[in-house]
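Structure at a glance
Here's the letter readout for the chains.
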Amino acid sequence: MKPTGSFDRVPAPLRLGVNIDHVATIRNARGGRHPDPLRAAHLAIEAGADGITAHLREDRRHISDVDIARLKRELTRPLNLEMAATDEMLAIALRHVPHACCLVPEKREEVTTEGGLDVVRGENHLRRFVDDLKAAGIRVSLFIEPDEKAIEVSARLGADVVELHTGAYCDRALDDDAAGFAEQLERLREAARVAAAAGLEVHAGHGLTFNTVGPIARLPEVVELNIGHFLVGEAIFSGLSSAVQRMRALMDGARSGLGAPAPAGEGK
Ligand code: PXP
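Residues numbered from 1 in each chain as written. Predicted model: local features only at pLDDT ≥ 70, side-chain atom pairs only at ≥ 80, totals over all residues. Heavy atoms only, no water.

Packing of helix H2 (residues 37-46) against helix H3 (residues 65-74) leaves a shortest axis separation of 10 Å and a crossing angle of 35 degrees. In this structure, H2 meets H3 at a crossing whose hand is right-handed. Only Asp67, Arg70, Leu71 and Glu74 of H3 make contact with H2, whose side of the interface consists of Pro37, Leu38, Ala41 and His42. When the residues that make up the contact of H2 with H3 are grouped by side-chain class, the tally is four nonpolar, one polar and three charged. (Axes fitted to C-alpha atoms, helices over the stretch in contact; angles between N-to-C directions. Helix = DSSP H or I, 4+ residues; strand = E, 2+ residues; numbered from the N terminus. Left-handed = near helix turned anticlockwise from the far one by under 90°. Contact = heavy atoms within 4.5 Å. Nonpolar A, V, L, I, M, F, W, Y, C, P; charged D, E, K, R; others polar.)

This next bit is on the pattern of salt bridges. Working definition: two side chains of opposite charge can pair if their charged atoms are close together. Counted by the stated rule, this structure contains 20 salt bridges. Arginine 27 is paired through a salt bridge with aspartate 67; the nearest N and O atoms lie 2.7 Å apart. Taken together, the positions of arginine 27 in helix H1 (residues 21-30) and aspartate 67 in helix H3 put the pair 40 residues apart, joining distant regions of the chain. Across the pair, exposure class does not vary: arginine 27 and aspartate 67 are buried alike. One connected set of salt bridges, linked through shared partners, spans Glu123, Arg127, Lys149, Glu152 and Arg156. (Salt bridge = Lys/Arg side-chain N within 4 Å of Asp/Glu carboxyl O. Buried < 20%, exposed > 50% of the residue type's maximum accessible area, 1.4 Å probe, protein only.)

What follows covers the pairing of strand S5 (residues 139-144). The buried fraction of S5 amounts to five of the six residues, a majority that puts the element mostly inside the structure. In this sheet, S5 lies alongside strand S4 (residues 100-103) in parallel orientation, the contact comprising four bridges. Across the sheet, residue cysteine 101 finds its bridge partner in S5, namely valine 140. Pairing geometry for S5 and strand S6 (residues 161-165), over four bridges, is parallel. Paired with leucine 142 across the bridge in S6 is valine 162. The parallel pair S5 and S6 is bridged by helix H6 (residues 148-157), and the resulting crossover is right-handed. (Pairing = 2+ DSSP bridges. Right-handed = clockwise from strand over helix to strand, strands pointing away.)

Glancing now at the confidence of the model for the protein. Confidence along the protein averages 92 in pLDDT terms, with 90% of residues attaining 70 or more. Counted against residues more than four places away or in other chains, residues 1-7, with its pLDDT under 50, gives 10 contacts. (pLDDT = per-residue confidence, 0-100.)

Another aspect to go through is the nonpolar core. Within the largest apolar cluster, 77 residues are counted, with the highest numbers of intra-cluster contacts made by Ile20, Leu71, Leu103, Leu142 and Leu225. The dominant element in this core, judged by the number of residues it contributes, is helix H8 (residues 178-197), at seven residues. Ignoring anything within four residues of it in the chain, the contact list for leucine 71 reads Ile20, Leu38, Ala41, Ile52, Ala54 and Leu79. (Core = buried A, V, L, I, M, F, W, Y, C linked by side-chain atoms within 4.5 Å.)

With an omega dihedral of 0 degrees, the bond running from histidine 34 to proline 35 counts as a cis peptide bond. Counting through the fold element by element, proline 35 comes out in the loop between H1 and H2. Although it is not a glycine, valine 97 sits at a positive phi angle of roughly 45 degrees. With respect to the secondary-structure elements, valine 97 resides in the loop between helix H4 (87-96) and S4. Residue classification places valine 97 among the partly exposed positions, given a relative accessible area of 32%. One non-glycine residue, aspartate 176, lies in the positive phi region at around 60 degrees. Here aspartate 176 lies in the loop between helix H7 (167-174) and H8.

Below, the structure written as structure tokens:
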């Protein structure tokens, strides 16, 4: 008998959420309107993105309130709003009612979202946010480390989704640390299995690149990847459409090869 949570049938298709935060970072460097994150969102969708992700940070360093209003009004695909669990962000989410909200930790001084939400210590604080968002019909995702306890608490909170933080996994690939990479991949594999068995939809993201996406796309329980910084960086060299199309092809290729061993050297 297969262990609980394993897949003995065709896995769900894998969605790509393109995070457009860093299009706004470049725009904000000069304070004008170019490049426009909404135009990037439309291009990403045409190139194969299933949805658009944007993080409205407390300090508004990239995405602005106006960007969120425009995205919500004009997008033809689901909007996933990443936000900290604060009253200000909750009010904004309830005003715009995006398809989904992903609750993330936020520290003003950090360069990016460093690590997952501390749902274990923050359970009582987070409950009201999960409840209020769900009551408004918004899907709630919690961005967590691939950790069994965090998954247990996320399920208890009633989240619809957990997004597993792939940052440590991608860092090991950058360091050329094969043993560390394999260890982090195993953590993600086990977390995806445990989360799906607990009834949670499983997403993953942070730091993913053409080189690291394959093994994650092959985890059968993972149904959505959210990818931003690498795609926007790659767009400088090949254009956004081409970068999104290539990422999509790598995801789909890895997914269709499910069950087959990973190609040698992948992810390094
Ligand atoms: N998922 C979440 C929850 C994030 O906070 C981020 C970064 O904003 C991403 C995915 C995308 O990470 P990256 O920009 O490194 O691809």
